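# Structure at a glance
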Amino acid sequence: MEESVFNSRESVDWEANYMKLKVLLDQALRDARNQTDFRTAKEILIKAQAAFRDFRLKPEAREELNRELQEAFSVVNRKMEEERLRFELESQHHYLELKMKLEEAVKLAANEFDWREARKYLIDVQQEFKGIRMIPEQRETLYTRLQQAFDEVKIRQDSEHLSFLQASEDHYRELAPMVDKALIRAGSDDDFASVREFLISVQASFRGIRMEKEKREMLYSRLQQAFDTLNGRMDREREKNREVAGKNYEYFRQQTDEILKEAGTVTHFKEVRDRIRDMQSRLKDSILLREQKDELYAALQEAFTEINRRQDSERSQFEQEGTENYKRLGKLVADGLQQAQESMEFRETREFLKRIQAGFKGIRMHKDHREELYSRLQSAFTILRERTDQYFREKQKNWEVKMEFRLRDLNVRVLELQVEISREKERLEALQDQLDILDQKPSDHPARLMVVAQIQSVTDSIRKKEELIDAAAGEIEDLQGRLESE
């Protein structure tokens, strides 16, 4: 009686253990099937296998569950082996492809006369190493050959530098006597026109030659001293020609008065600026007393100020129109940002954002407002691009879609930078006109220093945008090459 009860209780325990282990194993099998990392899947199965030790089971029940576990192990091991084979094939493909590109780049670099261009070929190949899967030994072999090519280019660079130093010394020996002669003639020759022509010819000799900075600056400083000496003698000569200066003054005063009148009436500001520039050029080499020149330059400055005043008035109108455009585009940008965050119609949303982006072209708007809205619009593009990328990754779409979106963004960015450069060049032209007027003032005149600083700032801004355009163009070329190769 007692033995029968005991066997019944043990049978119940075995059944309960079987169910517990069955549930645990089923969950492990599901988790392993859902893993994309096969090593992680195998670890899950090993952990489940270890759990068998914790349960007492009938032999046939244990064999049943263990059979299911071993089948899962077989599936995972087969997939891991397939993954290993894929990696080896992919690595071999990358190795052969990169080896071919490296050999071509090394050949091009060896045949390139300019070491800077040769280095670019090697750098382009160096970039190809990034982000690709390859067996370490194969990668090291190719990279060692690349470094050898870089070393060969470095040897050529050092050789060119030595050649530059020799050319610099030769040019210095050639120019130094010419500068000495310029100093002598500037202080003694009375034929000012001939001396000035000679000084300009010596100055022209500096253009395009290879010379160390210190030597160039030393010679150029002495040549400038000759110019200063000649100008001083010419100034003293002008003092003897007051009668001629008086007649010239009457003529230039009449011309300047006409410019002043035009500055207050005409709508074509560029034409007035051209007249001011022409007048500046003519005044520069005319026989006039210093006070007469100052008066005429002051009148030209007054004309310039009047042009600025009238442009400021137009700018006020621009502010009003810009505010209206800001409000209108602001609503569209907000709508576009919301769609970029929520809509699943990626293509339609992107076309909507592009239409908003096109709306920026040719409209008048304050720079800060334009940058604010454009930044928000770019955020919408970024959000949409990230959501699109995620969508296509999940759907295992072709990566070319992402590249094409990037190309369009880069092309738009290049166009925007070109428009901004065009506007800054117009501003630079206006600043240069103002500087030409102020150049007749003392060199440390506050207004001149401020204008020079503004010119430098605008010039730096243009340079930086041109660098951004070059970088974008390089990326465009790279992306197009990758698309074509694929």
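Here the structure is a predicted model, which means the values were calculated and not measured.

### Quick notes on the environment of M218
With respect to the helices and strands, M218 occurs in helix α7 (residues 213-239). Its relative accessible area of 35% is what places M218 among the partly exposed residues.

### With respect to helix α6 (residues 192-205)
Relative to the 20 Å expected for 14 residues at 1.5 Å per residue, α6 spans 20 Å between its end C-alpha atoms, a close match to the ideal helical length. Along α6, the positions that sit buried rather than exposed are F192, V195, F198, L199 and V202. Across the axial projection of α6, the buried residues extend over an arc of 130°, all falling on one side. Facing away from the buried side of α6, by more than 90 degrees, are the exposed residues A193 and E197.

### Here's the deal with the packing of aromatic side chains
How two aromatic rings sit relative to each other is set out by the distance from centre to centre and by the angle between their planes. On inspection of all chains with the given rule, the structure shows 0 aromatic pairs. Lying over the aromatic face of F198, R185 brings its terminal NZ or CZ to 5.1 Å of the ring centre.

### What to know about the nonpolar core
Ranked by internal contacts, the top residues of the largest apolar core, which has 19 residues, are L199, F206, L219, L223 and L230. With 6 residues, α7 is the largest single contributor of residues to this core. With residues near it in sequence (within four places) discarded, L219 still touches Y172, L175, A176, V179, F206 and M211.

### So, the side chain of R370
Here R370 lies in helix α12 (residues 367-394). At 7.1 Å, E420 is the nearest oppositely charged side chain to R370, a buried residue that forms no salt bridge. Residues within four places of R370 in sequence aside, it is in contact with F360, I363, R364, M365 and R423.

### What about empty space enclosed by the protein?
Following the criterion strictly, the structure yields 1 cavity of 30 Å³ or more and no others. As a volume, the largest cavity reaches approximately 40 Å³. In terms of lining residues, the largest cavity is bounded by R350, K354, Q357, F381, R408, D409 and V412. Put simply, the parts of the chain that give the lining of the largest cavity at least two residues each are α11 (346-358) and α13 (400-438). Of the residues in the lining of the largest cavity, the class split is 2 nonpolar, 1 polar and 4 charged.

### Overview of the pattern of salt bridges
Summed over the entire model, instances satisfying the criterion amount to 14 salt bridges. Put simply, R253 and E295 hold a salt bridge, and the shortest N to O gap is 3.0 Å. Here R253 is found in helix α8 (residues 242-263), whereas its partner E295 is found in helix α10 (residues 290-342), with 42 residues between them in sequence. In this structure, the salt-bridge partner of R350 is D409, at a minimum N-O distance of 2.8 Å. Linking R350 in helix α11 with D409 in helix α13, this pair joins segments that are 59 residues apart in sequence. D409 gets classed as buried once you look at its relative accessible area, which sits at 14%. The structure contains a network of salt bridges with shared partners spanning R253, D257 and E295.

### Observations concerning the packing of α11 against α12
With their axes 11 Å apart at the nearest point, α11 and α12 run at an angle of 160° to one another. Considered as vectors, α11 and α12 are oriented roughly antiparallel to each other. In this structure, the crossing between α11 and α12 has a hand that is left-handed. Together, F346, T349, R350, L353, K354, I356 and Q357 of α11 and Y374, L377, Q378, A380, F381, L384, R387, T388 and Y391 of α12 make up the contact between the two elements. Class assignment for the residues of the contact of α11 with α12 results in 9 nonpolar, 4 polar and 3 charged.

### Remarks on the confidence of the model for the protein chain
In the predicted model, the protein chain carries a mean pLDDT of 77, and 85% of its residues have values of at least 70. Mean pLDDT per element in the protein chain: helix α1 (residues 2-33) is the minimum at 65, and α11 is the maximum at 86. Throughout residues 1-9 the model reports pLDDT below 50, and contacts reaching past four residues in sequence, or to other chains, amount to 0 contacts.

### Overview of α8
In this model α8 runs 30 Å from its N-terminal to its C-terminal C-alpha over 22 residues, within 8% of the 32 Å that 1.5 Å per residue would give. Of the positions making up α8, those classed as buried are A245, Y249, F252, R253, Q255, T256, I259 and A263.

Rules of the game
- Residues numbered from 1 in each chain as written.
- Predicted model: local features only at pLDDT ≥ 70, side-chain atom pairs only at ≥ 80, totals over all residues.
- Heavy atoms only, no water.
- Helix = DSSP H or I, 4+ residues; strand = E, 2+ residues; numbered from the N terminus.
- Buried < 20%, exposed > 50% of the residue type's maximum accessible area, 1.4 Å probe, protein only.
- Expected span 1.5 Å × (residues − 1).
- Arc of directions from axis to C-beta.
- Phe/Tyr/Trp six-rings, centres within 6.5 Å; stacked < 30°, edge-to-face > 60°.
- Lys NZ or Arg CZ within 6 Å of the ring centre and 35° of its normal.
- Core = buried A, V, L, I, M, F, W, Y, C linked by side-chain atoms within 4.5 Å.
- Contact = heavy atoms within 4.5 Å.
- Lys, Arg positive; Asp, Glu negative; His and termini not counted.
- Salt bridge = Lys/Arg side-chain N within 4 Å of Asp/Glu carboxyl O.
- 1 Å grid on protein atoms, 1.4 Å probe; cavity = no way out; pocket = protein on both sides within 12 Å on 5 of 7 lines; lining within 4 Å.
- Points joined across faces, edges and corners; volume = space filled by probe spheres on them.
- Nonpolar A, V, L, I, M, F, W, Y, C, P; charged D, E, K, R; others polar.
- Axes fitted to C-alpha atoms, helices over the stretch in contact; angles between N-to-C directions.
- Parallel < 35°, antiparallel > 145°, perpendicular 65-115°, else oblique.
- Left-handed = near helix turned anticlockwise from the far one by under 90°.
- pLDDT = per-residue confidence, 0-100.

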